[in-house]
Amino acid sequence: MDDVYIENRMGTMPVPKLIITISLPMVFSMFVQALYNIVDSIFVAKINEAALTAVSLAFPIQTLMIAVGIGTSVGVNALLSTRLGQKRQDDVDSAAMNGLFLALCSFLAFFILGFFILEPYLQTQVQHEEIIQFGMDYLTIVVFGSFGMFMVLMLDRILQGTGLTFYTMISQVAGAVTNIVFDPLLIFGFGPFPRMGMAGAALATVMGQYVSMVLSLIFNLTKNKEVHFRFRGFRPNRRTIIDIYRVGVPAILLNAISSVTTYLMDIVLGFFSTTAIAVYGVYFKINSFIFMPVFGLNNGLVPIIAYNYGAEKKRRIIQTIRTGLLYALGLMVLGTVIFELFPTQLLGLFSASDDMLAIGIPALRIIATSFVGAAIAITLNSVFQAFSDAVYSMIVSFMRQFVVLLPSAYILSLSGNVNNVWWCFPIAEIVSLVASVLFLIRILRTKVRPMRDEA
């Protein structure tokens, strides 16, 4: 793939076709990831509801690690794509190599923290001995084995930044299949495999991440001609790391805010019952079927917008934003219909008890009313990242979750009816939508409008 090919693809290919070409593999791979997340919980739910609740409690730690991994890789993706548009090869290579170094540093940080925080973290949410033990069995393996996760997030983003999203689909699908196959084998101990319970679910997850990492590394080294990986003699570059984290830190904080919010929501819901916590965790698993493809779609927008921003192609930027919004809205409308019409069937996938159905059915229907607004906000967050203005995403997320969602959840919980708590989601989404649109207007006025109109 040479510079002419990149220009023909990112700079001249019709935008709707380009978005589909780049995003479809990511949408598919994220859909598969959502599938194996759900399958993981479906198998865990067959142990008992305490095991399912433990997975829900573990979720914020997992999302915090993912926040650091994705946030850093978003910074690399935006920098790499912009430098490709500017045809600055040395900076492209520096972004990729320093990105891999930062992924390693992220793993080491969580590896060390894992020795001190896991059990106290679980004990702050519940005092149920079985749930805490299940949580420790799961988190210990997931945290200490997270090297594969951090590396594959970075390696896949490097592929995405150069338009090679087909290969990210292969690596993610391979990891997902590995997880799905080994989940029942290791949880329940079929054939020669030992019965490991929760530890088996965690081990299957880690195995899938390592399979994805190996494949993504191979694809980067053999197929990615736009990045030159020079491991021998590598030294971290301070300027490049600063440029990465200029976008990456807001993106990390953006996703970390979600982790903190989930943790605090678990505490609020815990006042009602551990079943309410399980419902909240199940909701996140189910909604990933809708949200993960939307995130995959919008991951494809970042390199397209960043490249054309570097090349100063105003019309293609605007068309990309409009088309991305249209696609995301279509997916979220479909998701809303599914959640409103089939909540019983969705919860039934997780061996839901009568108590879980009583809480979960109204929960899914109420939260689904926020999906359309979320489609717009998610798309605009990707736009902010492409323009290296991820701080806007952080501000929007902070307002949505800390200023509106959590206070609303707490106030609504005082009614004594857990069903009222779920209304905090549509309330928060309205605030998120308004703030996102205002920031988009600012970017269009200050960064897009001054560009020359290309012929």
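Counting of residues starts from 1 at the beginning of each chain's written sequence and follows it residue by residue. Per-residue local features are limited, in this predicted model, to residues with pLDDT of at least 70; the limit for side-chain atom pairs, both in listing and counting, is 80 or more; totals at the level of whole chains, interfaces and linings are taken over all residues. Excluding hydrogens and water, the side-chain figures rest on all heavy atoms present in the structure.

Quick word on the overall build of the protein chain
Then step 1. Secondary structure elements are taken from DSSP: a helix is a run of H or I of four residues or more, a strand is a run of E of two residues or more, and numbering for both begins at the N terminus. The secondary structure content of the protein chain amounts to 17 helices and 0 strands.
Then step 2. Since a compact globule built from 455 residues should have a radius of gyration of about 23 Å, the 21 Å found for the protein chain is in line with a globular shape.
Then step 3. With respect to the principal axes defined by its C-alpha atoms, the protein chain has extents near 65 × 50 × 35 Å.
Then step 4. By definition in these notes, contact holds between two residues if any of their heavy atoms fall within 4.5 Å. Intrachain contacts of the protein chain at a sequence separation of at least 6 include 83% that bridge at least 24 residues.
Then step 5. For the protein chain, the accessible surface area stands at approximately 17800 Å², while carbon and sulfur atoms represent 68% of it.
Then step 6. Note that His is not counted, nor are the chain ends; the positive residues are Lys and Arg, and the negative ones are Asp and Glu. One atom stands in for each charge, and that atom is NZ of Lys, CZ of Arg, CG of Asp or CD of Glu. Taking the 29 positively charged and 25 negatively charged side chains of the protein chain as two groups, their mean positions are separated by 12 Å. A radius of gyration in this sense is built from C-alpha atoms; the matching globule rule multiplies 2.2 Å by the number of residues raised to 0.38. The Shrake-Rupley method, run with a 1.4 Å probe, gives the accessible areas here. Residue values count only the displayed protein chains as cover.

Points about the environment of Ser393
Then step 1. Tracing the backbone through its elements, the reader meets Ser393 in helix H15 (residues 390-413).
Then step 2. Remark: exposure states derive from per-residue accessible area (1.4 Å probe, protein chains only) relative to the maximum for the residue type, with buried under 20%, exposed over 50%, and partly exposed in between. With a relative accessible area of 1%, Ser393 lands in the buried category.
Then step 3. On a C-alpha basis, the gap between Ser393 and Ala435 in space is 9.5 Å, while along the polypeptide they are 42 residues apart.
Then step 4. If sequence neighbours within four positions are ignored, Ser393 has contacts with Leu254, Asn381, Phe384 and Gln385.
Then step 5. Here a polar contact is taken to be a pair of N or O atoms separated by no more than 3.5 Å, where protein atoms must pair a possible hydrogen donor with a possible acceptor and residues adjacent in sequence count only if both atoms sit in side chains. Only 3.3 Å separates the side chain of Ser393 from the backbone oxygen of Asn381, close enough to count as a polar contact.

Notes on the packing of helix H6 (residues 147-161) against helix H8 (residues 198-223)
Then step 1. Axis lines are fitted through C-alpha atoms, for helices just across the contact stretch, and the angle between N-to-C directions can take any value from 0 to 180 degrees. Where H6 meets H8, the closest approach of the two axes is 8 Å, and the angle between their N-to-C directions is 35 degrees. As for how H6 packs across H8, the hand of that crossing is left-handed. Contacts between H6 and H8 involve Phe147, Gly148, Met149, Met151, Val152, Leu155, Asp156, Ile158 and Leu159 from the first element and Gln209, Tyr210, Ser212, Met213, Ser216, Leu217, Phe219 and Asn220 from the second.
Then step 2. In this classification, the charged set is Asp, Glu, Lys and Arg, the nonpolar set is Ala, Val, Leu, Ile, Met, Phe, Trp, Tyr, Cys and Pro, and all remaining amino acids, among them Gly, are polar. Across the contact of H6 with H8, the residue classes break down as 11 nonpolar, 5 polar and 1 charged. Should the near helix be turned anticlockwise from the far one by less than a right angle, the crossing is left-handed, and should it be turned clockwise, the crossing is right-handed.

Some details on the packing of helix H3 (residues 49-85) against helix H5 (residues 129-144)
Then step 1. Where H3 meets H5, the closest approach of the two axes is 8 Å, and the angle between their N-to-C directions is 35 degrees. Like other packed secondary-structure pairs, H3 and H5 cross with a definite hand, here right-handed. Taken together, the residues of H5 that come into contact with H3 (itself represented by Ala50, Ala51, Thr53, Ala54, Leu57, Ala58, Ile61, Gln62 and Met65) are Glu130, Ile131, Phe134, Gly135, Tyr138, Leu139, Val142 and Val143.
Then step 2. Across the contact of H3 with H5, the residue classes tally to 13 nonpolar, 3 polar and 1 charged.

Regarding H3
Then step 1. The end-to-end C-alpha separation of H3 is 51 Å, in line with the 54 Å expected for 37 residues at 1.5 Å each.
Then step 2. One axis is fitted to the seven residues ending at the residue and one to the seven starting there. The bend at that residue is the angle between these axes. Remark: the principal bend of H3, roughly 35 degrees, maps to Ala58, with a proline, Pro60, within the next four residues.
Then step 3. For H3, a buried count of 32 out of 37 residues is recorded, marking the element as mostly surrounded by other parts of the structure.
Then step 4. Of the residues that open H3, the one with a side-chain oxygen 3.1 Å from the backbone nitrogen of Ala50 is Asn48.
Then step 5. Backbone geometry just after H3 places Lys87 at a positive phi near 60 degrees. How far a helix is expected to stretch is found by multiplying one less than its residue total by 1.5 Å.

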